[in-house]
Amino acid sequence: MRPAITLALALLGPSSAFVAPPPPTGQMAASPTARFAKKGRPTNVPRPLPTGPNAQDIRLPDDTSMEELLSVMGEKRLKKVARKNRRARNQKIREGKVVLNEKGEWVPRE
């Protein structure tokens, strides 16, 4: 039984199913990665940045509540703005540009 299986495998070994096709010929020979690349938008092209007013130019009415602000901007965006402001404040604290006053507020050093 084993010699028959070995003989069958030996005869099927060099079959054409395991032979790679010849490389493309001509002027426009594609690279191996180009043949299997995804179609659609190229990944190395940067997307345009969103446009909008500068954060310092945005003014809110005095009677704006936190719920209204959350509904307009969204919770994730407000968290992002808070993290950015906290990072900038901590950098100023490290550099000694701001100090804590008696009310517990960070104010510019005089």
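What you see is a predicted model, and the numbers here were worked out from it, not measured in a lab. (Residues numbered from 1 in each chain as written. Predicted model: local features only at pLDDT ≥ 70, side-chain atom pairs only at ≥ 80, totals over all residues. Heavy atoms only, no water.)

Caption draft 1: Fine view of the overall build of the protein. When helices and strands are tallied, the protein shows four helices and two strands. Burial statistics for the protein: of 110 residues in total, 3% are counted as buried. Here the protein displays about 11,200 Å² of accessible surface, and carbon together with sulfur accounts for 59% of that area. (Helix = DSSP H or I, 4+ residues; strand = E, 2+ residues; numbered from the N terminus. Buried < 20%, exposed > 50% of the residue type's maximum accessible area, 1.4 Å probe, protein only. Areas by Shrake-Rupley, 256 points an atom, 1.4 Å probe, with all protein chains shown as cover.)

Caption draft 2: Region of the structure containing the packing of helix H3 (residues 66-73) against helix H4 (residues 75-95). Look at H3 against H4: their axes get within 7 Å of each other, and the N-to-C directions meet at 105 degrees. The angle between H3 and H4 falls in the class roughly perpendicular. Contact residues: H3 offers Leu69, Leu70 and Met73, while H4 offers Glu75, Arg77 and Leu78. (Axes fitted to C-alpha atoms, helices over the stretch in contact; angles between N-to-C directions. Parallel < 35°, antiparallel > 145°, perpendicular 65-115°, else oblique. Contact = heavy atoms within 4.5 Å.)

Caption draft 3: Broad picture of the pattern of salt bridges. A full pass over the atoms with the stated rule returns two salt bridges. Between Lys79 and Glu75 there is a salt bridge, and its shortest N-O distance comes to 3.6 Å. Here Lys79 and its partner Glu75 are both found in helix H4, four residues apart, which amounts to about one turn of the helix. A salt bridge links Lys97 to Glu95; the nearest nitrogen and oxygen atoms lie 3.2 Å apart. (Salt bridge = Lys/Arg side-chain N within 4 Å of Asp/Glu carboxyl O.)

Caption draft 4: Structural view of a positive patch on the surface. Taken together, the side chains of Arg77, Lys80, Arg83, Lys84, Arg86, Arg87 and Arg89 present a region of like positive charge at the surface. Locating Arg83 in the fold gives a position in helix H4. (Patch = residues over 30% accessible without salt bridge, like charges linked within 9 Å, V, L, I, M, F, W, Y side chains within 5 Å. Lys, Arg positive; Asp, Glu negative; His and termini not counted. Charge placed at Lys NZ, Arg CZ, Asp CG, Glu CD.)

Caption draft 5: Representation of H4 within the structure. The end-to-end C-alpha distance of H4, which contains 21 residues, comes to 30 Å, matching closely the 30 Å that a straight helix rising 1.5 Å per residue would cover. Positioned one or two residues after H4, Gly96 has a phi angle of 80 degrees, which is positive. (Expected span 1.5 Å × (residues − 1).)

Caption draft 6: Inspection of a nonpolar patch on the surface at higher detail. Taken together, the side chains of Val72, Met73 and Val81 present a nonpolar region at the surface, about 260 Å² in accessible area. Take Val72: it is sitting in helix H3.

Caption draft 7: Summary view of a negative patch on the surface. On the surface, a cluster of negative charge is made up of Asp62, Asp63, Glu67 and Glu68. Of note, Glu67 is situated in helix H3.

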